[in-house]
Structure formats: structure tokens, C-alpha cells
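Here is how the chains run, residue by residue.
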Amino acid sequence: MKKHLYILFLLSVLFPVYGRSQQIAEQKIETVLSKMTIRERIGQLNQLDGRGIHGTVEQLKELVRKGEVGSLMNITDPKVINQLQEAACKESRTKVPLIFTRDVVHGFKTMLPIPLGQAATFNPDLIKEGARIAAIEATEHGIRWSFAPMIDISRDARWGRIAESFGEDSYLTGKMAVAVVKGFQGEDLSHPQSMAACLKHFIGYGAAEGGRDYNSTYIPERQLREVYLPPFKQAIEAGSASIMTSFNDNDGIPATGNKNLLRDMLRKEWEFDGVTLSDWGSVTEMIKHGFAQDRKHAAEIAINAGLDVEMSSKSFIQNLEKLIAEGKVPESVLNDAVRNVLRLKYKLGLFEQPYTDIHKPTETYSAKHLAVAKKVAEESVVLLKNDNKTLPLSSNIKSILITGPLADASHDQLGTWTMDGETDKTQTPAKAVASMYGDKVKIHFMPGLTYSRDKNQSSFDEVLRIAHSVDAIVVFVGEEAILTGEAHSLAGLNLQGAQSELIKQLKATRKPLVTVVMAGRPLTIGREIEQSDAVLYAWHPGTMGGPAIADMLFGKAIPVGKLPVTFPKGVGQIPIYYNHTNTGRPAKGNEKSIDEIPLNAKQSVLGHSSYYLDIGSKPLYPFGYGLSYTTFEYTDLKIDKTKLNKNDTLSVSLKIKNTGEYKGTEVVQLYITDIVGSVTRPVKELKGFERLELKAGEINTIHFNLPVSDLAFWNIDMKKTVEPGKFKVMVGTNSETGLEANFEVE
């Protein structure tokens, strides 16, 4: 204790601006800590569920009075929250307030698109605004700590939790992570409408073998540092208040018990001073991992590794007193963990104002919030195909058929992790098109299938009868929300049920066919795309998905979304991602397909390159892909230098012209290729993107400034450095297409 006070004294002397408020807070933390018993200190590390799993409200109150719980999950009634807070602040011996937590993943009541859809906007400012409205609504209900954002890099669409991710790219994920942290936490974490962010899952959870949730991973240190860790570091530098360990073991060590990650990297190397907490039950799950003998051993491993808060499994509260008495856990380790929890409570202002104002006018579902949700949904939609300018629907279209199981699916449209979303507030495409455009176009609605897995084709005859009578067809397909998210992995990514057959039969009508896909992951829909005249990928778009899609169908909104993840042709290509390293025999693009192989062919007749005989080497769609109703022309790429040193900044400029008929926004993407390194480097890496809005016929110049320091990587000696050599810069509309220039770092 004296050691910590001495450090505070030094900070106040050496860095007066370090902050009197911070110094005072640390002094208060030491004062509170000194008055707590060991049992009460352990209680601060005990996080329980408030839905009845760990007792009734009255039973929880008793635990709070005894100082045996520090935070509570999943209570969203502010009156109940205030009752429990009163038990903590007035009826417990320590008077330490509680924190109330929730998985606010992509909205609280007003649901935004799933995070994978948000990433498709390539618009961090808009995503920050979306996170802000989520925080406002959640804090209104007493929630001050959200278990989001999830920033696992995900390269496998079989994994259900790809829906919660920002996709496959570290750079894009980092930008989105920072946006959510700032949106949640605001300018001042103590403001009653600010909510602590929690980065998850630390680390590598998105690389689960086979895309099967909770599975083991094997990610070597270089790949961890190059791919998986950067978004976490950036979000910590942006001020994230907490971080959550992942379920998986990596290279045999469960993250919840990994001292190298939690102490050596997170605390010492990155100087993180926030809270670390386990995922649900991940402390005692180390027993099933074969890493801990029993609950007591699991508690010992976790807290010594650097875990502060245990979510739900109660091994800390049951065993830490004994472990400290036995000398297996130093009391100083306990004290440090408690300091981190108390610090978060001070930062949240809970010692000054622990209660939720239940008389404050509600902002939940306000017009502003719904407008933001609609804007995010609009910008998340990716136009994959638009043959013959099928979209937007022209004024010649006088009648349309809306069909498909996702057209009026108010629950499924919200997506995964919508614990507080309300289906009666969902505005579906079927209803939105009818209400917004029904006075201009005759709308026929016949779903054909009642849900995505439905195999009953008894309604198809009626659907086809209507289809033959209308001018255009819009079919909404995809997957139910329950097929995505945690523990919802898939071995196959085709459309479920009879959806593919529905599209096939609609195509046979020879009417313009627009397919809208609402899903939580990339699906293998090459055949269905071929059968469609236009395809919009709308993810699970949230509360306002209906109006957003309606405006897009009729041209009031113009597609701007870009894919944040590579779309495979088939699951056999997975994992597939744009920033892979090259092989010694990369595919050339002209390899023979399986149907072109001659009979009795010799082994060497096909050449020797890295591709699949049946589907080639290319994806269905590359990372960064997305069309618009207009077109853009890239010209005149310039770089200010062809030779740079390590302290320089490369300036890149080019001209973009809107060559189409509509005003539109293009997401201009900058990629770098390091030609030769001491270790193999990715074929390209995203290093920047800019959004540019242009009127029809307008031309503008866009600029990028790329510090040479951004070219650093972990070299053969595991040192992060910029190696001299030749580089290529590519600026384009996606990760495969663009203008190129060469430069050299000396």
C-alpha cells in the first residue's frame, strides 16, 4: 500500500498535469482498499448474472450487503438497478457502488446493423455516432458497462460470431474499434450517458479451427502481433476501459490463464491500466481444457495470470481466501485487481452518482436515433451485381412482387445479440416498401417460405402466379438470426431450406429479379447471384433495415457499402482472405478447370500452381468490393517521392471522376505491397481509405498521406521495424483492382 502512495507522490511531483483529479482518485482508491476485508476485496472481482441464475433480486441484495459481488449483468430495469445500488451504497459496510453490465453489441433498443454490416460502411464517424446512441439508450436503463466491441479478426464465415466482428482486416477493424470505444465512452467516462467499452476477445478467438466455436487456435507470435493484436492496441490507446479474455486456448494455453498475454504484454508492454475480465465461465472452463485440476486451481491460475474480474463462475469468491492463506496467491495480486475495478468505478463517476435517473425523458427510439440507425443500414448495404441497370427500379415499373422468408421477418432482421431489441419496433422491407412507395407502385406480397430453413414449397404456385403478373420481383433470402452468433457455426454456407429453388423458379419467369440477402455472414451464393439480375447484400440490418432497403430499391439511397470480408465460392476455400502471403507457386489465373482436364491426363499436364481444380483460386467477391448505381473512373495516380527514408511520409494523390448518372460516394482504398522482406509479407495490405462524394460528371482529387513508419512489421528477429527495400502502392475500388506506383525505402 505504501509503495502505491509513494508512486502517486512521485507522479504529482514530476507531472503536476498528471492531474489532481487522477491523484485524488488514486488516493481514494487506496483509502477504500485499506478499509476492506479480504472477503470484501474478493467480492469486487465477483460478477454475477441478474436474471435469476445466481439468485433472486432479494438474494442478490443480500450478497451485495455482504460485499460479495462487485458487478451485475443483465438487469435492465432501472428501478431494480437503483434498489441494488442502494443496497451497495447505503447498506453494505464498504459503501462501494456496483457496475451494471450488458452485451450491447450493435444497439440497445434501437438496433443497428450487425457489426459485420457496420464494417461494410467503411465510415468510422458514422459507427461512432451509432455507438453513441447505443450508450445513451443503455445508460438510460442503468447499464454503464458494455461487453463490446468484439474485434476478433475473422477469416472464416463458418464461425457464427463473424457476425459480431468487423471482418478480416486489422486496419479496418482497428478503425471501427476506436470508433465504438469513443462512441460508448464519450468525452468523459463519468458522464451519466457514458458507458465503459470492453474489447473482446483477447486473443485469437476468431481463428477457431474449422470455424467451430470455442475451438482451439494455433497462432504464432508474429501472426498474433501482425494480424490479431493491432486492433486491441489501438483501442486501448483510444482509452478503452476494459478487455475480455477469450474462450480458446492458443498453442495450448487458455487465454484466461495466459500470464504472457495478461501481465507481460497487456500490463507491462502496453501499460494497460483498465479492467481485465473473463468471458462467461472461462475461468472454470480451464478444467475441461485440461489446464486446471479443479475450481480452486483454476482461480489460482487466472488471478496470478492477471485476470481481475471473474464472470459468472464464482471460483474467486469461493477459493481466493484459502489461496491467499496458503501463499499460492499473493495478497498484492488481489489488491492490484481490486484497484483496477475501483478505478473503473471512479472513472464512471459511480462514487459520486451511483443511481440511474428514472425521471429523465427517454431518448430510446427517438427520431434522431432511428435516423442514425437508418443511415447506418443504408451505408452497410453492398451492391454485388446490377446487370442492365436493374436497380434502382425505374419509373416504368408499375407493380412488384415482394417475396422470400426474410421480407417480413421482424425478429430475424435484427440479427444476433439483440437482447433488448423489440420486434414490434422493427420496420421490415415488406411493410416499408408498402408504406413508403405503395402510392407509386402496386405492391404484391407473398413470402413463399415462412422462414429460411423452410422446405415447404406448397405456396410456390401462388408466388409464381403473381410473379408472372408483375413488372419486377424482389426476393428476400438469407438466414435467420438464430443461425448466426455465438455457438452457431455452420459446416456449409449455402442458402438453407428451399430458398435456392424459389430463386430458380422466379428466374424462370424472365421478369427482372432483384435478390436481397439478409445474413450474418458471407454465404456461398454464386449460383443464386448468376440467376439474379441485381443483388443487394444487406446483412442483418437492424430496426430500420426496411426503410433503408426500400429507399435503395427505388434510388433515394445509393449503395456505398464495401465488403469487409472476402466472399468464398465454396467452403473448401476457407480460410480465404485478401492479405495472404504468396506461395512459391501462386495461381496464374489461366489454370484448367476440372471439366477441361483431358482423359488419362498425366500428372504434370495441369502445371503446378496453387488453386482448386473445381473452383479455381479466386473468391466469389474480394475484400473491399461493392458497386454503386453510378460508376467511378480512377486516373492520374501520383506519388511525391520514389525514394524515402524511414522518417518520411509518402503523399499519394489521384483523380476520381463520377462517370455515371447518379450522385454517389466511393470508398477509395489504398493498399501496400512490400516486395521483399526478411519474412514473407502479405500480397497486399490495406493502409488507408477515404470516402469521396461526387455528383454525376464531377471530378475531384483525393489525397493520402502514408507515414513510412506504417510499413513496419515484425521481422525475422521479432523486432518491429521498417526494412529498406522496394514497395508498391495500389489505390482502387477494391483489393483486386486499382492504379499502381512503385517506391523505395532506403
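Basis of the calculations
Residues numbered from 1 in each chain as written. Predicted model: local features only at pLDDT ≥ 70, side-chain atom pairs only at ≥ 80, totals over all residues. Heavy atoms only, no water. Helix = DSSP H or I, 4+ residues; strand = E, 2+ residues; numbered from the N terminus. Rg over C-alpha atoms; globule rule 2.2 N^0.38 Å. Buried < 20%, exposed > 50% of the residue type's maximum accessible area, 1.4 Å probe, protein only. Contact = heavy atoms within 4.5 Å. Areas by Shrake-Rupley, 256 points an atom, 1.4 Å probe, with all protein chains shown as cover. Lys, Arg positive; Asp, Glu negative; His and termini not counted. Charge placed at Lys NZ, Arg CZ, Asp CG, Glu CD. Salt bridge = Lys/Arg side-chain N within 4 Å of Asp/Glu carboxyl O. Polar contact = N/O pair within 3.5 Å; in protein donor to acceptor, adjacent residues only side chain to side chain. Axes fitted to C-alpha atoms, helices over the stretch in contact; angles between N-to-C directions. Left-handed = near helix turned anticlockwise from the far one by under 90°. Nonpolar A, V, L, I, M, F, W, Y, C, P; charged D, E, K, R; others polar. 1 Å grid on protein atoms, 1.4 Å probe; cavity = no way out; pocket = protein on both sides within 12 Å on 5 of 7 lines; lining within 4 Å. Points joined across faces, edges and corners; volume = space filled by probe spheres on them. Pairing = 2+ DSSP bridges. Right-handed = clockwise from strand over helix to strand, strands pointing away. pLDDT = per-residue confidence, 0-100. Parallel < 35°, antiparallel > 145°, perpendicular 65-115°, else oblique. Core = buried A, V, L, I, M, F, W, Y, C linked by side-chain atoms within 4.5 Å. Phe/Tyr/Trp six-rings, centres within 6.5 Å; stacked < 30°, edge-to-face > 60°. Lys NZ or Arg CZ within 6 Å of the ring centre and 35° of its normal.

1. A few points about the overall build of the chain
Point 1. Secondary structure assignment for the chain yields 21 helices and 26 strands.
Point 2. What you see for the chain is a C-alpha radius of gyration of 27 Å, in line with the 27 Å of a compact globule of 746 residues.
Point 3. Referenced to the eigenvectors of the C-alpha coordinate spread, the extents of the chain come out at roughly 75 × 60 × 55 Å.
Point 4. Counting the 746 residues in the chain, one finds 59% classified as buried.
Point 5. Across the chain, every contact between residues at least 6 apart in sequence was considered, and the portion connecting residues at least 24 apart equals 77%.
Point 6. Carbon and sulfur atoms form 49% of the exposed surface of the chain, whose accessible area is close to 29800 Å².
Point 7. Averaged over its 88 positive side-chain charges, the chain has a centre that lies 1 Å from the centre of its 89 negative ones.

2. Quick notes on the side chain of E723
Point 1. Inspection of the secondary structure assignment puts E723 in the loop between β24 (720-721) and β25 (725-732).
Point 2. Buried and unpaired, E723 has no salt bridge, with R681 as the nearest side chain of opposite charge at 6.9 Å.
Point 3. Here S678 takes part through its side chain, which lies 2.5 Å from a polar atom of the side chain of E723.
Point 4. Leave out the neighbours within four places in its chain, and E723 touches G677, S678, F713, N715 and V745.

3. A short note on the packing of helix α18 (residues 460-469) against helix α19 (residues 499-507)
Point 1. Across the interface, α18 lies against α19 with an axial gap of 10 Å and an inter-helix angle of 35°. Two packed elements cross with a definite hand, and for α18 against α19 that hand is right-handed. Residue-level inspection shows F460, V463, L464 and A467 of α18 in contact with α19, the latter providing E501, L502, Q505 and L506.
Point 2. Residues of the contact of α18 with α19, tallied by class, amount to 6 nonpolar, 1 polar and 1 charged.

4. Quick notes on empty space enclosed by the protein
Point 1. Counted according to the given criterion, the structure contains 4 cavities of 30 Å³ or more.
Point 2. Roughly 100 Å³ of volume is contained in the largest cavity.
Point 3. As for the largest cavity, its lining consists of 17 residues, and the residues nearest its centre are V105, H106, Q118, V180 and F184.
Point 4. Every element with two or more residues in the lining of the largest cavity is listed here: α6 (115-119), α7 (124-140) and α8 (170-185).
Point 5. A total of 4 residues in the lining of the largest cavity trace back to one element, the largest contributor, which is α7.
Point 6. Classifying every residue of the lining of the largest cavity by side-chain character gives 12 nonpolar, 4 polar and 1 charged.

5. Some remarks on the pairing of strand β3 (residues 99-102)
Point 1. Here β3 shows no split at all, with I99 and T101 on one side and F100 and R102 on the other all buried.
Point 2. Sheet topology note: the strand β2 (residues 71-73)/β3 ladder contains 3 bridges and is parallel. Looking across to β3, one finds that S71 is bridged to I99.
Point 3. Assessed by its sense of winding, the connection that carries the chain from β2 through helix α5 (residues 78-90) to β3 is right-handed.
Point 4. Examined bridge by bridge, β3 and strand β4 (residues 145-146) share 2 bridges and lie parallel to one another. Bridging from a neighbouring strand, T101 pairs with W145 of β4.

6. A short note on the pattern of salt bridges
Point 1. One pass over the structure, following the stated rule, counts 51 salt bridges.
Point 2. Across the pair R521 and E479 runs a salt bridge, and its minimum N-O distance is 3.0 Å. One end of the pair, R521, is in the loop between β15 (513-518) and α20 (526-531); the other, E479, is in the loop between β14 (472-478) and α19, and 42 residues separate them in sequence. Comparing R521 with E479 shows no difference in burial state: the two are buried.
Point 3. With its nearest N and O atoms 3.2 Å apart, the salt bridge here joins R681 to E685.
Point 4. According to the relative accessible area criterion, R681 is buried, its value standing at 12%.

7. A few points about the confidence of the model for the chain
Point 1. Residues of the chain with pLDDT of at least 70 account for 97%, and the chain-wide mean is 96.
Point 2. For the stretch residues 10-18, pLDDT sits under 50, and the model shows 7 contacts to residues farther than four places along the chain or on other chains.

8. Quick word on the sheet that holds strand β19 (residues 649-658)
Point 1. Reading across from one edge, β17-β19-β22 is the order of the 3 strands in this open sheet, with antiparallel pairing throughout. Looking at which strands have only one partner, the edges of the open sheet turn out to be β17 (632-639) and β22 (699-707). Averaged over all pairs of adjacent strands, the angle between their axes in this sheet comes to 25°, without regard to strand direction.
Point 2. Relative to β22, β19 runs antiparallel, the two being bridged by 9 bridges. By the bridge assignment, L650 is partnered in β22 with L706.

9. Digging into unusual backbone geometry
Point 1. With omega at 5°, the peptide bond leading from A148 into P149 counts as cis.
Point 2. Its place among the elements puts P149 in the loop between β4 and α8.
Point 3. Here the amide bond leading from I574 into P575 is cis, since omega sits at 0°, within 30 degrees of zero.
Point 4. Despite not being glycine, N74 has its phi angle at roughly 65°, a positive value.
Point 5. Here N74 is to be found in the loop between β2 and α5.
Point 6. Take N74: its relative accessible area is 10%, and that puts it in the buried class.

10. Things to note about the packing of α8 against helix α10 (residues 230-237)
The geometry of a pair of packed helices is captured by two quantities: the angle between their axes and the separation between those axes.
Point 1. Packing of α8 against α10 brings their axes to within 8 Å, and their N-to-C directions diverge by 30°. As the angle between them shows, α8 and α10 are arranged roughly parallel. The element α8 and its partner α10 pack so that their crossing is right-handed. Along its contact with α8, which presents S170, T173, G174, K175, A177, V178 and V181, the element α10 presents P231, Q234 and A235.

11. Considering the nonpolar core
Point 1. One finds F202 and L320 to be the most contacted residues of the largest nonpolar core, which totals 117 residues.
Point 2. The element best represented in this core is helix α15 (residues 331-347), accounting for 8 residues.
Point 3. What L320 contacts, discounting residues up to four positions off in sequence, is I42, L45, A299, I303, S315, V329 and L334.
Point 4. In terms of nonpolar packing, the next biggest core, distinct from the first, is built from 45 residues, I114, A120, M150 and Y537 among them.

12. A look at the side chain of E68
Point 1. In this fold, E68 is placed in the loop between α4 (57-65) and β2.
Point 2. Its relative accessible area of 12% is what places E68 among the buried residues.
Point 3. Discounting chain neighbours no more than four positions away, the residues touching E68 are R39, G43, N46, L63 and I317.

13. Some remarks on the packing of aromatic side chains
Point 1. One pass over the structure, following the stated rule, counts 20 aromatic pairs.
Point 2. Plain terms: the ring middles of Y214 and F247 are 5.1 Å apart, the flat faces sit at 90° to each other, and that makes the pair edge-to-face. Taken together, the residues span a long stretch of sequence, with Y214 in the loop between β5 (198-202) and α9 (221-228) and F247 in the loop between β6 (242-245) and β7 (249-250) at a distance of 33 residues.
Point 3. What links up through ring pairs into an aromatic cluster is the set F122, Y171, Y578, F623, Y671 and F689.
Point 4. Over the ring of W417 we find K200; its NZ or CZ atom is 5.6 Å from the centre of that ring.

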